[in-house]
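# Structural description and commentary
This is what each chain is made of:
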Amino acid sequence: MVPFNIIFFLSGFAALVYEVSWNRQLGLLFGHTSHAAAVVLAAYFGGMAIGYAVGGRIANRICPYRGYAACELIVAVWAFAIPFGVVWANSDTLAPWLQAQDARIQIMSRVAFSLMLLAPATIALGATLPMMSEMLARKAAQSALHNHRESLTRAYGFNLLGAVCGVVAASSMMLAVVGVTGSSQLAAIISASCAVGALLLRSTSIGELNCVSQRSVEFPTARSPLHIRTKSQADGRYWMTAVAVSGGATLALEVLYTRLFSLIFHNSTYTFSFVLIGFLLGMSLGAFAARRLLCRFSPTTLVSWASVCAAFAVSVSVLAFVFGTRLEYFQAGKTFASYYAGGLLLSMVVTLPVATFAGAFLPLAWAARSIEDNLSSGNVGGLTLVNTVAAAIGAVAASFVFFPLAGLWRSFALVAALLLVPAIWQALRTESKRLHAFAVLGTVILCLPLALANPEIWVRGDQSGTLLHRWHSSYGWIDVVEDAKTGVKKIQQNLHYRYGATGANSEREFRQAHLPLLLHDSPRDVLFLGLGTGMTAGGAMPHCELETIEIVELIPEVVPAVRMLADENRNVVDDPRTRMIVDDARHFLVTTQKQYDVIVSDLFVPWESETGYLYTVEQFRTARTRLSEGGIFCQWLPLYQLGPDDFEMIADSLRSVFPHVTLWWGKLESARPIMALVATENPITINEAAMQRRLHRLSLTGQFDDSSLSTPTRLVELYAGDWPLRLEAKLNTDEHPWVEFHCPVSNRSGSGIRGVNLRDFLSQILETTATDSLRYVQSAGSTPPSERSWQRTVIFPEPIALNK
């Protein structure tokens, strides 16, 4: 059986690489929104479900070795075709439908297109499982019946174990090193290898071409055919319900645990993979455990107790997580390796027991139905079909129904109750009702704290300030919090990820709008990519020459949250000149035809999962096409969250697109320095006299009071030089999103550009760049701006500051 297990291991590895790669390819087309992710998920699981049904019908009518090989080859070939389909979607024929203004038409057209694009591959992927079952059944045709059950569950376990390795590989550096489409093409080569392996097994196996009747096994029974048929129908409904509960609950829990861990993790590609790894590994262990226990217990007994244990484990895991972490920001060691190991270990402890119990449902259902129906591969496909459809529904429901309506804690209680359904059903139709009743009752009691209380209060109290309002969005919690002592308000996502704050931060955030607007001679239309607290866009309010202010924000719930800060952000959302757009910033730029004088890209955390696509060459190229003549694109960067290599990669990517890229300080300090990359077609010219008049008009509005921009010379002193064109530089691209994968490593390894690292970066990189893209027309008798060395004295006024 070893060759079979190797093939199924590799097949599972390839399947998860496909899923990750295709999700990103279609995410670039539709935008990386939660709705777009749900569309791709529905299309992926929908195709798999069709494949299970089709494969289940034909697996016992054909040579399963050839059928399995054909399915793997179809997947391999189609993996190379999908990138061309994504390009086709941008054609004039399809684009209007996929980007339609009517939300219902847009969703329906995207689901249809995704299903059509992925269907050949996903249907073939789904069909491999019934083919796998039939291959193993024919291999075991001359042996005892339970050998097939054991080999099927073992093969399923190896398939899931391969999926775990696929997730680890993809979420490490595979997508960046091999490439997004390159990863799916590498997986295609693995699929083709599996096809060749299956054909080789066919040529060396004995009896694989025997007809189905040869491997039929008769079971003696004293019961009447009618009784057997009635019992079989009842059992069929039970097992269909059990696998539906398993699929729906498992994918719902994946979503909910991801939300749970986002309360303490920074949401990088690596940390998002922790939950998926835990579930896949747990499901693999569940399959192996089921194989062992079937020798001693019946499938119905095992699934009944797995139901109770899974529900019990959900409640225990959540309560243990809350009290164990106290919902504090996760820290583990001083290196990225220690952080990764610690985060993965925590995820395993929390999710592995739940996934193991829930993962046993499907292989137990296979075992039960194979006994009743003489190893029918159709039942494998049918049961898996129901499981997969329920999984897709569970994932979408958890993200868009349970979490927004019931909240995080009650959603866990709801799923735990759902997991109890098979146990309750079995308790009602067996004689051991008392034991089942006590188990179910104990689990329900354990779920009550999640259903009736807010565990956050138990461990955090009011340490985060007064919670003014909380939204349960499909992206997690969105909170507006006020500090009881200072009155400072902030908007945060999932407790620790802060969008910004009022108070002392206001001047710097307003400056993020003032600087790029002042560098343009006469801005009329400005676009802000990202709303945050509204403070950056609020900086545009005193610029009376602006005619339109457009703001793109990914999360719908952030807009009403920003309205609660209207007094601080100058009511920017509801200003007559403002137009709010809820969309992925990258997607909006691709689909809009409007041109802007200034585009301001906000401070996006570079290690956020899929945020790296806002720093790619393709994003910068799109931004360039959306600029009016003489337009300015401004990309703000948090230096303290970037390593030197990360900064250079982003700057090189921008410089590869624009003829001129200048560097400007947004915040000159050692601990949390901020810098802007300002990209233009032509050198920037600042006329001192004209700039003085503009600054005077701004001050008259009563909404402009920035000491760093009080005079033209102070403004120019923020200029830190040009970024040169480096032909051999490594660029951040859609195909190779290096920034997204490298920034978490830089952050956790302490190589962010701050403190001593900032001093070295200044002397070795910034202060050595040219200064020929800024032309300053000085007025007669005025004092010229200070040299760039002045900036270092401001950042490091005392030697001790270097150690901070």
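See the structure shown above.
Reading guide: rules and limits
- Residues numbered from 1 in each chain as written.
- Predicted model: local features only at pLDDT ≥ 70, side-chain atom pairs only at ≥ 80, totals over all residues.
- Heavy atoms only, no water.
- Helix = DSSP H or I, 4+ residues; strand = E, 2+ residues; numbered from the N terminus.
- Rg over C-alpha atoms; globule rule 2.2 N^0.38 Å.
- Buried < 20%, exposed > 50% of the residue type's maximum accessible area, 1.4 Å probe, protein only.
- Contact = heavy atoms within 4.5 Å.
- Areas by Shrake-Rupley, 256 points an atom, 1.4 Å probe, with all protein chains shown as cover.
- Lys, Arg positive; Asp, Glu negative; His and termini not counted.
- Charge placed at Lys NZ, Arg CZ, Asp CG, Glu CD.
- Pairing = 2+ DSSP bridges.
- Axes fitted to C-alpha atoms, helices over the stretch in contact; angles between N-to-C directions.
- 1 Å grid on protein atoms, 1.4 Å probe; cavity = no way out; pocket = protein on both sides within 12 Å on 5 of 7 lines; lining within 4 Å.
- Points joined across faces, edges and corners; volume = space filled by probe spheres on them.
- Nonpolar A, V, L, I, M, F, W, Y, C, P; charged D, E, K, R; others polar.
- Core = buried A, V, L, I, M, F, W, Y, C linked by side-chain atoms within 4.5 Å.
- Patch = residues over 30% accessible without salt bridge, like charges linked within 9 Å, V, L, I, M, F, W, Y side chains within 5 Å.
- Salt bridge = Lys/Arg side-chain N within 4 Å of Asp/Glu carboxyl O.
- Disulfide = S-S within 2.5 Å.

## Digging into the overall build of the protein
On a plain count of helices and strands, the protein comes out with 28 helices and 14 strands. For 804 residues, the compact-globule estimate of 2.2 N^0.38 gives 28 Å, and the protein sits close to it at 30 Å. For the C-alpha atoms alone, the extent of the protein along its principal axes is close to 110 × 55 × 50 Å. Taken across its 804 residues, the protein has 59% of its residues classed as buried. Restricting the contact set of the protein to residue pairs at least 6 apart, pairs at least 24 apart contribute 80%. Per element, the accessible surface of the protein, about 31,100 Å² overall, is 61% carbon and sulfur. A gap of 10 Å separates the mean positions of the 61 positive and 60 negative side-chain charges of the protein.

## Side note on the environment of Leu-774
Mapped onto the elements of the fold, Leu-774 is located in strand E14 (residues 774–777). Since its relative accessible area comes to 13%, Leu-774 is described here as buried. Distance from Leu-774 to Gly-721, taken between C-alpha atoms, is 8.3 Å for residues 53 residues apart in sequence. Not counting residues within four places of it along the chain, the set of residues in contact with Leu-774 comprises Trp-664, Ile-684, Ile-686, Val-716 and Tyr-719.

## Overview of the sheet that holds strand E5 (residues 525–529)
In space, the eight strands of this open sheet follow the order E7-E6-E5-E8-E9-E11-E10-E13, with mixed pairing throughout. The sheet terminates laterally at strand E7 (578–582) and strand E13 (719–722), the two strands that pair on one side only. Strand after strand, the sheet turns through a mean of 20° between neighbouring axes, direction not considered. Sheet topology places strand E10 (residues 660–667) next to strand E11 (residues 674–680); seven bridges connect them, and they run antiparallel. Across the sheet, the residue bridging to Leu-663 is Leu-677, located in E11. Those strands touched by helix H23 (residues 644–655) are strand E9 (627–638), E10 and E11, and its axis lies near 15° from that of E11.

## Some points on the side chain of Asn-5
For Asn-5, the location among the structural elements is in helix H1 (residues 2–30). Owing to a relative accessible area of 8%, Asn-5 belongs among the buried residues under this scheme. In this structure, Asn-5 is in contact with Arg-154, Ala-155 and Phe-158, ignoring residues within four places of it in sequence.

## Here's the deal with the sheet that holds strand E2 (residues 476–482)
Spatial ordering of the open sheet is given by E1-E2-E3-E4, a layout of four strands whose pairing is antiparallel. Of all the strands in the sheet, the pair left with one neighbour each is strand E1 (466–473) and strand E4 (497–501). For this sheet, the mean angle separating the axes of adjacent strands, direction not counted, is 20°. Alignment of E1 against E2, held across seven bridges, turns out to be antiparallel. For Thr-466, the partnering residue across the bridge sits in E2 and is Glu-482.

## Considerations on empty space enclosed by the protein
Under the definition given, this model contains three cavities of 30 Å³ or more. One number sums up the size of the largest cavity: a volume of about 50 Å³. In this structure, the largest cavity is lined by Thr-258, Phe-261, Ser-262, Phe-265, Asn-267, Thr-271, Phe-272 and Val-275. Looking at which element gives the most residues to the lining of the largest cavity, the answer is helix H9 (residues 269–293), with three residues. Considering only residue class, the lining of the largest cavity consists of four nonpolar, four polar and no charged.

## Observations concerning the nonpolar core
Counting 243 residues, the largest nonpolar core has Tyr-257, Phe-412, Phe-647, Trp-664, Trp-665 and Leu-715 as the members making the most contacts within it. Dropping the residues within four chain positions of it, Phe-412 is found in contact with Leu-253, Leu-256, Tyr-257, Leu-260, Val-314, Val-318 and Leu-450.

## Some points on a nonpolar patch on the surface
Residues Phe-80, Val-177, Val-178, Leu-186 and Ile-189 make up a contiguous nonpolar surface patch of roughly 400 Å² in combined accessible area. Structurally, the position occupied by Phe-80 is in helix H3 (residues 64–89).

## Some thoughts on unusual backbone geometry
The phi angle of most residues is negative, glycine excepted, and most peptide bonds adopt the trans form. Phi is positive for Arg-326, close to 55°, though the residue is something other than glycine. With phi around 55°, Asn-494 is a residue other than glycine that occupies positive phi space. For Asn-494, a relative accessible area of 3% gives the class buried.

## A look at the pattern of salt bridges
The final tally for this structure, using the stated rule, is 20 salt bridges. Of the charged contacts in the structure, one is a salt bridge between Glu-456 and Arg-470, with a shortest N-O distance of 2.7 Å. Note that Glu-456 is positioned in helix H16 (residues 455–460) and Arg-470 in strand E1, a separation of 14 residues in sequence. Judged by relative accessible area, which is 17%, Arg-470 ranks as buried. Residues Glu-767 and Arg-792 are paired through a salt bridge, measuring 2.9 Å at the closest nitrogen-oxygen approach. One end of the pair, Glu-767, is in the loop between helix H27 (756–764) and E14; the other, Arg-792, is in helix H28 (residues 789–795), with 25 residues separating them in the sequence. A relative accessible area of 27% means that Glu-767 is categorised as partly exposed. Residue classification places Arg-792 among the partly exposed residues on the basis of a relative accessible area of 30%. Salt bridges sharing common partners tie together Glu-456, Arg-470 and Asp-479.

## Observations concerning the environment of Gly-55
Mapped onto the elements of the fold, Gly-55 is located in helix H2 (residues 34–58). The buried category is assigned to Gly-55, whose relative accessible area is 0%. Taking the C-alpha atoms as reference points, Gly-55 and Val-178, 123 residues apart in sequence, are found 32 Å from one another. The contacts of Gly-55, once residues within four sequence positions are left out, are Ala-127 and Pro-130.

## Examining the state of the cysteines
In this structure the tally under the stated criterion is zero disulfides. Cys-71 provides the cysteine sulfur closest to Cys-63, a residue in no disulfide bond, and the two sulfurs are 12 Å apart. Using a relative accessible area of 11% as the deciding quantity, one classes Cys-63 as buried. Free of any disulfide, Cys-194 has its nearest cysteine sulfur in Cys-71, 12 Å distant. You can call Cys-194 buried: its relative accessible area is 1%.

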